[in-house]
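Tertiary structure, described
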Amino acid sequence: MRRVKKLSKQEYYKIYSMVPRMTIDLIIFHENGIILSRRDIPPCKGMWHLPGGTILLGEGLSEAAIRISKEEVGLLIKPLSIIGIKEYTKKAAFGQVVSLVFVAKALHGQLRGNKYARQVKTFTKLPENMIKEQKDMLIDLGLADPEGSLKIFSESQINRLTENLIKCNSRLWRVPL
């Protein structure tokens, strides 16, 4: 992985108040569920959400997904594919946020939070106090039913889900033909 530099808090707020921010959301399959973390900072403090973060300058998309997972939940993941692109409202995120939504599989590591979201769990049913935009997205993608119960658990279901999604080959992301 290339060495990439994070912006200071001041630079972050200045820049992203003027331009859109490209991020990654991670749907990480782990122990027959998906990983969510409970935010300890605004926006949406106290709400459960998908792990995610900003793509850093010079960072490849898979590299960013792997880094974000390590930082946010302590797990090494295998990014499998991109399942969608989410445009967030200002209610759920700072500034204009466009997020690439990855499906990933946890490989190993110790599940843990960080200073922004200390509580991390694996869920088979989406919690009531989850960020609505993300909960609705998981339902719209067919990963959960309208009551929030997950529909995909097994390795074969994950493989079927990702076989026709956007994948990477030498930094080109495309739908398999």
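Structure first, text after, so check above.
Focus on the overall build of the protein
Scanning the protein from N- to C-terminus turns up 4 helices and 9 strands. For the protein, the N- to C-terminal ordering of α and β elements is α-β-β-β-β-α-β-β-β-α-α-β-β. Along the first, second and third principal axes, the C-alpha set of the protein runs to 45 × 40 × 30 Å. Classification of the 177 residues of the protein by burial places 49% in the buried group. Across the protein, contacts joining residues at least 24 apart in sequence account for 68% of those joining residues at least 6 apart. As displayed, the protein offers around 9900 Å² of accessible surface, 54% of which is attributable to carbon and sulfur atoms.

A closer look at the packing of aromatic side chains
Per the stated rule, a full pass over the model turns up 4 aromatic pairs. Centroid distance Tyr 12 to Tyr 16: 5.2 Å. Interplanar angle 75°. Geometry classified as edge-to-face. Of this pair, Tyr 12 and Tyr 16 both sit in helix α1 (residues 9–16), 4 residues apart, which is roughly one turn of that helix. Counting every residue linked through ring pairs, the aromatic cluster contains Tyr 12, Tyr 13 and Tyr 16. Residue placement shows Arg 21 over the ring face of Tyr 16; its charged tip is 5.9 Å from the ring centre. The ring of Tyr 88 has Lys 86 lying over it, and the distance from NZ or CZ to the ring centre is 5.5 Å.

Digging into the nonpolar core
Core analysis: the biggest nonpolar cluster contains 25 residues, and Ile 27 and Ile 34 have the highest contact counts within it. Setting aside chain neighbours within four positions, we find Ile 27 in contact with Ile 34, Leu 50, Ile 83, Val 101, Phe 102, Val 103, Ala 104, Leu 138, Leu 141 and Leu 143. If you look at the next biggest cluster of nonpolar residues, it comprises 18 residues, including Ile 35, Ala 64, Ala 104 and Val 120.

Focus on the pattern of salt bridges
This model, assessed by the stated rule, comprises 7 salt bridges. Where Asp 40 meets Arg 118, a salt bridge forms, and the shortest distance between an N and an O atom there is 3.6 Å. One end of the pair, Asp 40, is in the loop between β2 (33–38) and β3 (48–49); the other, Arg 118, is in the loop between β6 (97–109) and β7 (119–123), and 78 residues separate them in sequence. Between Asp 136 and Lys 132 there is a salt bridge, and its shortest N-O distance comes to 2.6 Å. Linking Asp 136 with Lys 132, this pair stays in helix α3 (residues 132–140), spanning 4 residues, or about one helical turn. Residues joined by salt bridges that share partners form a network here, namely Lys 6, Glu 59, Arg 67 and Glu 71.

Side note on unusual backbone geometry
Following Pro 42, the chain continues into Pro 43 via a peptide bond in cis, with omega recorded as -5°. Mapped onto the fold, Pro 43 is located in the loop between β2 and β3. One non-glycine residue with positive phi stands out, namely Glu 31, at about 50°. Relative to the elements of secondary structure, Glu 31 occurs in the loop between β1 (21–30) and β2. The backbone phi angle of Asn 32 is positive, close to 60°, even though this residue is not glycine. Mapped onto the fold, Asn 32 is located in the loop between β1 and β2.

Reading the values: rules and limits
Residues numbered from 1 in each chain as written. Predicted model: local features only at pLDDT ≥ 70, side-chain atom pairs only at ≥ 80, totals over all residues. Heavy atoms only, no water. Helix = DSSP H or I, 4+ residues; strand = E, 2+ residues; numbered from the N terminus. Buried < 20%, exposed > 50% of the residue type's maximum accessible area, 1.4 Å probe, protein only. Contact = heavy atoms within 4.5 Å. Areas by Shrake-Rupley, 256 points an atom, 1.4 Å probe, with all protein chains shown as cover. Phe/Tyr/Trp six-rings, centres within 6.5 Å; stacked < 30°, edge-to-face > 60°. Lys NZ or Arg CZ within 6 Å of the ring centre and 35° of its normal. Core = buried A, V, L, I, M, F, W, Y, C linked by side-chain atoms within 4.5 Å. Salt bridge = Lys/Arg side-chain N within 4 Å of Asp/Glu carboxyl O.

Without other data, these values stay purely geometric and don't point to any function.
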